[in-house]
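# Results of the structural survey
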Amino acid sequence: NKKIKIVMINNGFDRRKNLKTALKAFKEFNKNFPYSTLCLFGNAMEQEGPCYKWAKKNNLDNNVYFYGLVYQIDLMKVLHKYDILLHTALEETFGNIFLEAMIKGVPIIAGKNSGAVPEIIKNNGILVDVSNIEQLVYGLNKYTQNPNLWKKMRYKAYRYVKNKYNNKKIEKKYLDLYRKTLNNQN
């Protein structure tokens, strides 16, 4: 009867965001965890927006909350309250949301074939074929049925981001790059 709070953050309801598959997977997951919720943030995720209307029409809106677009600073204030970040985009570039989730201790499920996603997350999240409903449910179940894995992933991902994306390290890399560029021009 555990209430698992899943969050998705997307801008747009197009095919590449793959939200229809995510909603179908959540409905399957929700059969075993009926108290769980899926909260959608971003453009087109608002109440009465395109995602909401499609979900309602297809009976995929049970325990789904449509928050719409919110300021990033406000999202950062609540992100730590979620148990899992579900990211089903079929293709993604850098995706700051991954770093934001990891630094807030929110374990991730994302696409193993979704562009830069595997490089960003490394082994600090569960990577699945996000076009496959069963694999999405598998990822959700893996965290839910293994609290030690969930807890381990939270701390491991947090440490990874804290070390790899440390402001001082990034600052040094930028300065080194600038120096190298300037030296090559002379």
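Keep in mind it's a predicted model, so treat the numbers as computed, not measured. All residue numbers refer to positions counted from 1 along the written sequence of the respective chain. Under the rules for a predicted model, residues below a pLDDT of 70 receive no local features and side-chain atom pairs below 80 are neither given nor counted, while totals for whole chains, interfaces and linings still include all residues. No hydrogens and no water enter the side-chain calculation; it runs on all heavy atoms of the structure.

## With respect to unusual backbone geometry
The backbone phi angle of Ala 44 is positive, close to 80 degrees, even though this residue is not glycine. Every helix listed is a DSSP run of H or I at least four residues long, and every strand listed is a run of E at least two residues long, numbered separately from the N terminus. When you line up the elements, Ala 44 lands in the loop between strand E2 (37–41) and helix H2 (50–57). Each residue's exposure class comes from its accessible area (1.4 Å probe, protein chains only) as a fraction of the maximum for that residue type: buried when under 20%, exposed when over 50%, partly exposed otherwise. Residue classification places Ala 44 among the buried residues on the basis of a relative accessible area of 9%. Phi is positive for Asn 63, close to 65 degrees, though the residue is something other than glycine. For Asn 63, the position within the fold is in the loop between H2 and strand E3 (64–68).

## Points about the nonpolar core
Of all hydrophobic cores here, the largest spans 33 residues; its most connected members are Ile 6, Leu 23, Leu 38, Leu 40 and Ile 109. Looking at this core element by element, the count peaks at six residues for helix H1 (residues 19–32). Only buried Ala, Val, Leu, Ile, Met, Phe, Trp, Tyr and Cys residues count toward a nonpolar core, and they belong to the same one when joined by side-chain atoms within 4.5 Å. If you look at the next biggest cluster of nonpolar residues, it comprises 24 residues, including Val 7, Met 76, Ala 101 and Ala 110.

## Here we look at the packing of aromatic side chains
What counts as a ring pair is set by centres within 6.5 Å for rings of Phe, Tyr and Trp (its six-membered ring), and what kind of pair is set by the plane angle: stacked under 30 degrees, edge-to-face over 60, tilted for all other angles. Summed over all chains, the structure comprises nine aromatic pairs. Seen from their ring centres, Tyr 52 and Phe 66 are 5.1 Å apart, and the 90 degrees between their planes marks the pair as edge-to-face. Of the two residues, Tyr 52 is situated in helix H2 and Phe 66 in strand E3; the sequence distance between them amounts to 14 residues. Here the two residues Tyr 52 and Phe 66 agree in accessibility, since each one is buried. A ring is considered to have a charge above it if a Lys NZ or an Arg CZ atom is located within 6 Å of its centre and within 35 degrees of its normal. Positioned above the aromatic ring of Tyr 155 is the side chain of Arg 154, whose terminal nitrogen or guanidinium carbon lies 5.8 Å from the ring centre.

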